Amino acid sequence: LMNLTKKLIEIRSMLLSIDQSDALKLPSIVVIGSQSSGKSSVLEAVVGHEFLPKGNNMVTRRPIELTLIHTPGAAAEYGEFPALGLGKITDFSDIQKTLTDLNLAVPASEAVSNDPIDLRIYSPHVPDLTLIDLPGYVQIASMDQPETLKEKIAQLCDKYIREPNIILAVCAADVDLANSPALRASRKVDPLGLRTIGVITKMDLVPPEQGATILAGNRYPLHLGYVGVVAKSSGKRSRRDDMALVAQKGERDYFGAHGEIFGSTTSLMVGTDTLRRRLMEVLESSMASSLHGITNAVQLELEEATYQFKVQYNDRRITAESYVAETMDALKLRFKEATSQFKRPAIRAKLKEMLDDKVMDVLEQLYWLDKRAPELGGLGQDPKVRPEDVEPYWRHKLEAASSLLTKSGVGRDSTLLVANGLRSLIDSIAAAEPFNFHPRAAERLVQFSHMILRDRIGVTSDQVENCIKPYKYEVEVEDREWESGRQSAIDLFEKEVTMCEKKLKDIRQKVGGSRRLGGLVRYVQEIEEKEKAKKTKRLMAPEDENTEEDSSVDYRYPAAQIHDARHAILYTDRLSILKLRLAALRSKRCKAGPSNDVLCPEAFLNVVADKLAYTSAMFINIELLDQFFYQFPREIDSRLLYDLDRKEIVEFARENPVVRRHLDLQERKDKLEEVMKQLNSLSTLRTDAQPAPRRH
Ligand code: GDP
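Residues numbered from 1 in each chain as written. Predicted model: local features only at pLDDT ≥ 70, side-chain atom pairs only at ≥ 80, totals over all residues. Heavy atoms only, no water.

Examining the packing of aromatic side chains
Okay, so step 1: On inspection of all chains with the given rule, the structure shows 16 aromatic pairs.
Okay, so step 2: With a centroid separation of 5.2 Å and an interplanar angle of 80°, the aromatic rings of F255 and F262 are classed as edge-to-face.
Okay, so step 3: Residue classification places F262 among the buried residues on the basis of a relative accessible area of 4%.
Okay, so step 4: Centre to centre, the rings of Y323 and F652 are 6.0 Å apart; their planes meet at 40°, and the pair counts as tilted. With a gap of 329 residues between them, Y323 in helix 10 (residues 320-338) and F652 in helix 22 (residues 646-655) connect regions that are remote in the sequence. Just as Y323 is buried, F652 falls in that class too.
Okay, so step 5: Cluster of aromatic residues (ring-pair linked, three or more members): F335, F342, F448, F628, F629 and F632.
Okay, so step 6: The ring centre of Y630 lies 3.8 Å from the NZ or CZ of R634, which sits over that ring. (Phe/Tyr/Trp six-rings, centres within 6.5 Å; stacked < 30°, edge-to-face > 60°. Buried < 20%, exposed > 50% of the residue type's maximum accessible area, 1.4 Å probe, protein only. Helix = DSSP H or I, 4+ residues; strand = E, 2+ residues; numbered from the N terminus. Lys NZ or Arg CZ within 6 Å of the ring centre and 35° of its normal.)

Some details on the packing of helix 15 (residues 439-467) against helix 21 (residues 601-641)
Between two packed helices, what matters for the description is the angle formed by their axes and the separation of those axes.
Okay, so step 1: Where helix 15 meets helix 21, the closest approach of the two axes is 9 Å, and the angle between their N-to-C directions is 155°. Here helix 15 lies roughly antiparallel to helix 21, going by the angle between them. Crossing angle aside, the handedness with which helix 15 passes helix 21 is right-handed.
Okay, so step 2: Of the residues contributing to the contact of helix 15 with helix 21, the split by class is 16 nonpolar, seven polar and five charged. (Axes fitted to C-alpha atoms, helices over the stretch in contact; angles between N-to-C directions. Parallel < 35°, antiparallel > 145°, perpendicular 65-115°, else oblique. Left-handed = near helix turned anticlockwise from the far one by under 90°. Nonpolar A, V, L, I, M, F, W, Y, C, P; charged D, E, K, R; others polar.)

So, the pairing of strand 5 (residues 129-133)
Okay, so step 1: Burial within strand 5 is extensive, with five of its five residues counted as buried.
Okay, so step 2: As paired elements, strand 1 (residues 29-33) and strand 5 share three bridges and run parallel to each other. Within strand 5, the position partnered with I29 by the bridge is L131.
Okay, so step 3: Note: strand 2 (residues 64-70) against strand 5, five bridges, orientation antiparallel. In the sheet register, L66 faces strand 5, and the bridge partner there is L131. (Pairing = 2+ DSSP bridges.)

Observations concerning helix 4 (residues 149-160)
Okay, so step 1: Taking 1.5 Å of rise per residue, twelve residues should cover 16 Å, and helix 4 covers 17 Å from first to last C-alpha, within 8% of that figure.
Okay, so step 2: By the burial criterion, the buried members of helix 4 are L149, I153, L156, C157 and Y160. One side of helix 4 carries all its buried residues, which in axial view fall inside an arc of 95°. Those residues of helix 4 that are exposed and angled more than 90 degrees off the buried face are E151 and Q155. (Expected span 1.5 Å × (residues − 1). Arc of directions from axis to C-beta.)

In structure tokens form, the structure reads like this:
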């Protein structure tokens, strides 16, 4: 029948790991008593080792769930803290140290914690038992303990002494039982003493007759009775671990010396061995009587979990591993889909756009701001002017413009443009579901993609720069290229015209109509004229300075409107030159072909930009994109996937709340199924065992 207790203790641990609700609890023995009542000594006597934290101010601050597992025939005894993953601890002083650390880790302000420490001890010398050691009741709180300590400990004990637990009330023989907080607490929840065992410690400190009277229990009767012990070693300890043995010898000596009172002829229960046996019996019968109820409770929970699993997940099972694998596959797929944005024509178009901007900048700098620009338009209109007759001034201009464009750092700019596109693609993947649930993985994803990019950017931009080098010296233009360059120059200019017109319109609306704007513009031009005149005057006669100071400043218009007017002037000037150039681009002369490049720099520069875009796209494709698309999925495998151990995989999966809920329910259902299976096998075991006479 002992097998039953062992099995049920296993089941109890499993149930505890399913949930902490009272419904699914099998009984355990809860040890309560006031400080210094000898609680630790009793527990250590039962285990046969010194392992509990000692020290002046060392009260137990967390409950210890102590599971003893009888291992018949095993050579070694050891302890385990399953939650800590420290493995088997064979030296009991290490267990003591760990428990001390765990207790000291409870912040002083909290004093006690409700969070139990799970400790298992495997030994051939221990019975199968589960014991819960609780902080001792405080009689008088010492100065450095918080006021609420007494209260908190009492609450904690109240929580544990509820049904179905068995209460082990530890009282010292030399203290009046009437004053025992343990018995008082037990009476509140178990008035008949049906599940309370009294342990009277320090029997050696009172006269044997007095001790016997206490054990007889007539004053405070307990159904399960009292056991008297002497748990403190009286002799000297020779070796550290012998302590418990020495203590037992002292106990045997003491009760032996008073055989007439405590001997086998009396019905009194004394000694640690008796206590152990008593605990086993009581726990076993309590477990046995809980069996039916717990089986029903588990059955109900299991049905509910099974139902929920069906309804919510249609019985679909997942594992952390499968989730991780799916997530990585989805990531690769997502990435692959997104890469279509990076096909060569798309890249070329993007680069061309960037280069168009550059072309416009160059034109503005070298042509539009040049006062002679209208001259160029005139030359183009004149059929008598042959391209080779045009002044060298314009030839130089064109060469300067072309070289400004080809030497503007196209390699670097175009590489960065594409690299930034890749970067924002990865950033958006990392920020979206499911990676928003996995901040650490998302960060790694971003990190290693940046790393690949960093690696490739230098090489790529050098390579591109190298390949466009010939254009820095000479650009050959074919007729077909010229025509398409001319067309796109026209498009660009038309867009620019529209943009300028829109700006002008906005300004007109803002200042309140075209008449008002006209007035403003004239006013601004006047001021500018005046200022110019003043400047020349000052230049001619500097000694005349500060004669008449700014008397001319008037405040006819607000500053913001003057600002607008200045912009309006700029846009108007820009519009007139743009229109001139558009006319030139549409002229017969420009249409005639590349020989007119000097007269149609816009078309020429457009062709150059096109060639640059084409070449850049080709080499960016080889050096950056191909490499990135090759490396990225491999890095996902090596840095996100294969890097994870089992624990990290579970952690990763559980970061996603949807997956976490799924896994939780699935696990709960599995555990309940397992418990149910074990409970069922037990009930057959019990029916078989039923006829055997029960000890009592
Ligand atoms: P706890 O605070 O309730 O855990 O009590 P301890 O087990 O630490 O014991 C308090 C003190 O009582 C210690 O000094 C023990 O050595 C002593 N003590 C415990 N059991 C006995 C006993 O049976 N006889 C004697 N004489 N002293 C004991």
